[in-house]
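This is what each chain is made of:
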Amino acid sequence: MSSIDRSQSVGGTRTYEVRTYGCQMNVHDSERLAGLLEDAGYVRAPEGADAADVVVFNTCAVRENADNKLYGNLGHLAPKKAARPGMQIAVGGCLAQKDRDTIVKKAPWVDVVFGTHNIGKLPVLLERARVQEEAQVEIAESLEAFPSTLPTRRESAYAAWVSISVGCNNTCTFCIVPALRGKEKDRRPGDILAEIEALVAEGVSEITLLGQNVNAYGSDIGDREAFSKLLRACGKIEGLERVRFTSPHPRDFTDDVIAAMAETPNVMPQLHMPLQSGSDTVLKAMRRSYRQDRYLGIIEKVRAAIPHAAISTDIIVGFPGETDEDFEQTLHVVREARFAQAFTFQYSKRPGTPAAEMDGQIPKKVVQERYERLVALQEEISWEENKKQVGRTLELMVAEGEGRKDDTTHRLSGRAPDNRLVHFTKPDQEVRPGDVVTVEITYAAPHHLLAEGPVLDVRRTRAGDAWEKRNAEKAGKPARPGVLLGLPKIGVPEPLPVAATGCGCD
């Protein structure tokens with residue numbers, strides 16, 4: 001082993017790093033990849049390490065420049081690998097599923113290429129590549145096993161993703177995800193609830209139900225009300241304080257789901273409902289199966305049933321053929337819906353999608369101008385909606401790493417039930433991530449709230465105990481964290497879909 005090898009290994013054990021791009025499904029898959037590697041004996045590379053023994057790229061294919069980004073990163077690693085015998089590079093995810101053999105042709109120093117359907121094969125493929133001293137490319141055409149059967153290395157002790165389905169049955173013209181992840185496959189409700197109960201037993205108090213089209217759950221098992229039934233069943237799990245889900249599709253958002261949200265106390269008053277466009281003409285070209293009236297009707301029903309619900313969305317600006325009038329219709333919906341937050345995307349060609357070949361591609365200058373107008377409008381609305389929170393008393397779940405300036409401002413951060421980010425004055429008594437505090441909101445900014453007065457109440461929780469236990473184990477045990485085989489361990493989801501790198505395809 002070279003001196004470089006020794007400097008990056010931990011106690012003689014090979015290290016790994018997983019680099020994730022794209023949507024929440026990829027983030028959750030990366031937790032699986034980390035769990036698989038740790039189960040195989042690897043340990044996470046130390047913070048600030050120049051390169052790990054194994055670097056895994058979990059890729060996204062929905063952006064026009066996704067491949068350029070990947071090959072740029074691979075090129076950066078090439079000289080490091082050349083100087084370090086035994087180092088391995090693996091590429092998985094949607095881009096790997098799409099490009100397959102192309103990756104090793106363009107970057108012959110890559111050791112393993114695997115797809116979205118066979119992430120469980122990663123440790124075997126790495127070992128095979130090492131023994132045979134040649135690249136291993138293995139892409140399954142359909143799901144081999146539901147990912148929740150795999151080991152998981154989660155990032156947090158108080159919140160977790162719980163995947164309820166994979167794949168998507170929609171055919172949106174801008175989205176390549178169904179071609180790469182396949183048709184929707186649903187888990188059995190009993191398996192989902194068993195996983196949630198196991199997580200709660202470990203200390204988790206918040207879960208986010210995850211699916212490419214989460215509220216279509218049930219179409220694969222023949223029960224149109226399966227999703228609302230699942231929400232109600234989550235309400236009966238003792239110790240589960242918060243339930244969220246992402247991302248639903250307006251086509252499948254039915255009245256029974258709204259009723260379940262309103263009537264199940266631990267289902268949070270938050271909804272992320274992708275709009276994509278407010279123009280019926282553009283929605284038709286996108287092959288979205290709803291129109292403006294249907295969308296606004298859902299928002300109206302949700303607000304009637306859950307008055308304090310915070311609603312967010314995804315919007316694509318500059319879809320092929322979008323006229324000034326079409327864009328004005330999008331602005332109209334934004335004004336009517338009054339979203340708490342909107343993740344806005346400038347349309348970019350996704351190779352392999354029908355939209356990439358459509359006539360009427362919009363010039364970049366026009367798209368940029370529309371995008372800036374939309375962002376300015378939404379910023380104004382977000383601020384106005386946040387100002388309505390001033391004076392309210394809210395229970396916050398204390399978060400870890402949410403406030404970048406917390407150390408300098410002597411504040412902590414937490415999430416309100418509607419998922420708004422709140423920075424609050426640090427109390428005298430100890431408060432841990434996962435604990436719950438009660439505060440009064442005193443100030444609103446467009447993207448966060450402040451509670452500048454004293455904390456009104458602190459409730460220590462089992463989730464806070466779990467966070468404390470995990471950190472004590474990390475401090476006393478440099479070896480890899482334990483991984484529960486078959487059922488995932490505790491973890492933390494992103495609070496909302498990622499604006500810059502998310503698919504925006506729901």
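Small disclaimer: the values here were computed from a predicted structure and weren't measured.

Details of the overall build of the protein chain
Check the secondary structure of the protein chain and you find 16 helices and 21 strands. Looking at the 506 residues of the protein chain, the share that counts as buried comes to 58%. Within the protein chain, counting contacts between residues at least 6 apart in sequence, those at least 24 apart form 76% of the total. A total of about 21100 Å² of accessible surface is found on the protein chain, and carbon and sulfur atoms cover 50% of it.

Here we look at the sheet that holds strand β4 (residues 88-93)
What the 6 strands build is an open sheet, ordered β2-β1-β3-β4-β5-β6; its pairing is parallel. Each having just a single partner strand, β2 (43-44) and β6 (136-138) make up the two edges of the open sheet. Pairing of strand β5 (residues 112-114) with β6 involves 3 bridges; the strand directions are parallel. From the neighbouring strand, Phe-114 faces β6, where its bridge partner is Glu-138. On the sheet, helix α3 (residues 66-82) packs against β1 (15-20), β3 (54-59) and β4 and is oriented at approximately 175° with respect to β3.

Quick word on the layout of surface pockets
Taken as a whole, the second largest pocket encloses approximately 320 Å³ of empty space. Taken together, 17 residues line the second largest pocket, and the ones lying closest to its centre are Ala-399, Asp-406, Asp-407, Arg-411 and Leu-412. Of all the elements in the fold, those that place two or more residues in the lining of the second largest pocket are α15 (406-409) and β16 (411-415). Ranked by the residues each element gives to the lining of the second largest pocket, the list is headed by β16, at 3 residues. A class-by-class count of the residues in the lining of the second largest pocket yields 6 nonpolar, 4 polar and 7 charged.

Quick notes on the packing of aromatic side chains
In the structure shown here, the tally under the stated rule is 5 aromatic pairs. Between Tyr-290 and Tyr-295, the ring centres sit 6.2 Å apart and the planes meet at 35°, which makes this aromatic pair tilted. The exposure classification of Tyr-290 matches that of Tyr-295, with both residues buried. Plain terms: the ring middles of Phe-319 and Tyr-347 are 5.5 Å apart, the flat faces sit at 70° to each other, and that makes the pair edge-to-face.

Remarks on the environment of Ala-304
Along the chain, Ala-304 falls in helix α12 (residues 292-305). Linking Ala-304 and Ala-262, residues 42 residues apart in sequence, is a C-alpha distance of 9.7 Å.

Some details on the sheet that holds strand β21 (residues 457-459)
The strands making up a sheet associate through hydrogen bonds between their backbones, and the pairing can be parallel or antiparallel. Read from one edge of the open sheet, 7 strands run β19-β20-β17-β16-β15-β18-β21, paired in mixed fashion. Two strands close off the open sheet at either side, each with one partner strand: β19 (443-444) and β21. One ladder, built from 3 bridges, connects strand β18 (residues 436-440) with β21; its direction is antiparallel. Directly across from Thr-438, in β21, lies its bridge partner Asp-457.

Definitions and limits used
Residues numbered from 1 in each chain as written. Predicted model: local features only at pLDDT ≥ 70, side-chain atom pairs only at ≥ 80, totals over all residues. Heavy atoms only, no water. Helix = DSSP H or I, 4+ residues; strand = E, 2+ residues; numbered from the N terminus. Buried < 20%, exposed > 50% of the residue type's maximum accessible area, 1.4 Å probe, protein only. Contact = heavy atoms within 4.5 Å. Areas by Shrake-Rupley, 256 points an atom, 1.4 Å probe, with all protein chains shown as cover. Pairing = 2+ DSSP bridges. Axes fitted to C-alpha atoms, helices over the stretch in contact; angles between N-to-C directions. 1 Å grid on protein atoms, 1.4 Å probe; cavity = no way out; pocket = protein on both sides within 12 Å on 5 of 7 lines; lining within 4 Å. Points joined across faces, edges and corners; volume = space filled by probe spheres on them. Nonpolar A, V, L, I, M, F, W, Y, C, P; charged D, E, K, R; others polar. Phe/Tyr/Trp six-rings, centres within 6.5 Å; stacked < 30°, edge-to-face > 60°.

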